[in-house]
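Breakdown of the fold
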Amino acid sequence: LNGASRLLNDLRTQFNSRVEGNINRINSLLNQVAIANNFISNATTGGGTANDTMDKRDIALNELAKLIKIDTVNMTDGSILVTTGNSRVLVNGDKVARLVSVANSHDGLAGVGITKPAGLVFNTAALGSFIGTPTFKTVDITGEIRGGEILGNIIARDQVIADEKLELDQLASSLIDQTNLLHQA
């Protein structure tokens, strides 16, 4: 039973590392999309085209969609607005939100946070810009994630493996109780 418990703990640690790896890969892809957006927007407003860059951006968006559920909106300047499945802005033009690993308060495992500007007034005249100097606040969005590999890793770690560990603990408790009853008889 101890070996099985160690194995479950090791699996949980592996899935936690996968969540952290997902966060890093998502950030890399978000940066690629933002850089491509900037190039495409500049080319489009200058009267040109950026078909190769659009193709590369599409590849990055497809890979991103495998990692986390996203929604996209085509903007008039050729850029793409990228949001989470719960409408948190990840990329707006060449501006990128950053996902970070946030420690879960009850077990210290990695959750998913998003950095966002705090204490600023949204400038409705210029979509995506703010009035004032930005300071950044991290918000835990783990419970808002609606799909993708990262959600699968979180579910495997926090539900599937946790449920198996609970069943193993209940089995161990039952064996202890039955052994004690035998010794008392």
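Conventions we followed
- Residues numbered from 1 in each chain as written.
- Predicted model: local features only at pLDDT ≥ 70, side-chain atom pairs only at ≥ 80, totals over all residues.
- Heavy atoms only, no water.
- Helix = DSSP H or I, 4+ residues; strand = E, 2+ residues; numbered from the N terminus.
- Expected span 1.5 Å × (residues − 1).
- Pairing = 2+ DSSP bridges.
- Contact = heavy atoms within 4.5 Å.
- Axes fitted to C-alpha atoms, helices over the stretch in contact; angles between N-to-C directions.
- Salt bridge = Lys/Arg side-chain N within 4 Å of Asp/Glu carboxyl O.
- Buried < 20%, exposed > 50% of the residue type's maximum accessible area, 1.4 Å probe, protein only.

**With respect to helix α1 (residues 2-45)**
- A rise of 1.5 Å per residue sets the reference length of α1, with its 44 residues, at 64 Å; its end C-alpha atoms lie 64 Å apart and thus fit the reference within 8%.
- Backbone geometry just downstream of α1 places G47 in the positive-phi region, at approximately 90°.

**Section: the sheet that holds strand β1 (residues 70-74)**
- Within the open sheet, the four strands sit side by side as β1-β2-β3-β4. Their pairing is antiparallel. The two strands at the open ends of the sheet, each matched to only one other strand, are β1 and β4 (95-96).
- Across two bridges, the pairing between strand β3 (residues 89-92) and β4 is antiparallel. When the sheet's bridge partners are listed, N92 is paired in β4 with K95.
- Contacts from α1 reach β2 (80-84), β3 and β4, with the element oriented near 30° to β3.

**So, the pattern of salt bridges**
- For the structure on display, the rule yields eight salt bridges.
- Put simply, E144 and R88 hold a salt bridge, and the shortest N to O gap is 2.8 Å. Taken together, the positions of E144 in the loop between β9 (135-140) and α3 (149-184) and R88 in the loop between β2 and β3 put the pair 56 residues apart, joining distant regions of the chain.
- D169 is the partner of K165 in a salt bridge, and the nearest nitrogen-oxygen pair spans 3.8 Å. With K165 and D169 both in helix α3 and four residues apart, the pair spans about one turn of that helix.
- For K165, a relative accessible area of 22% gives the class partly exposed.
- Members of the salt-bridge network, linked through shared partners, are R12, D107, R157 and D158.

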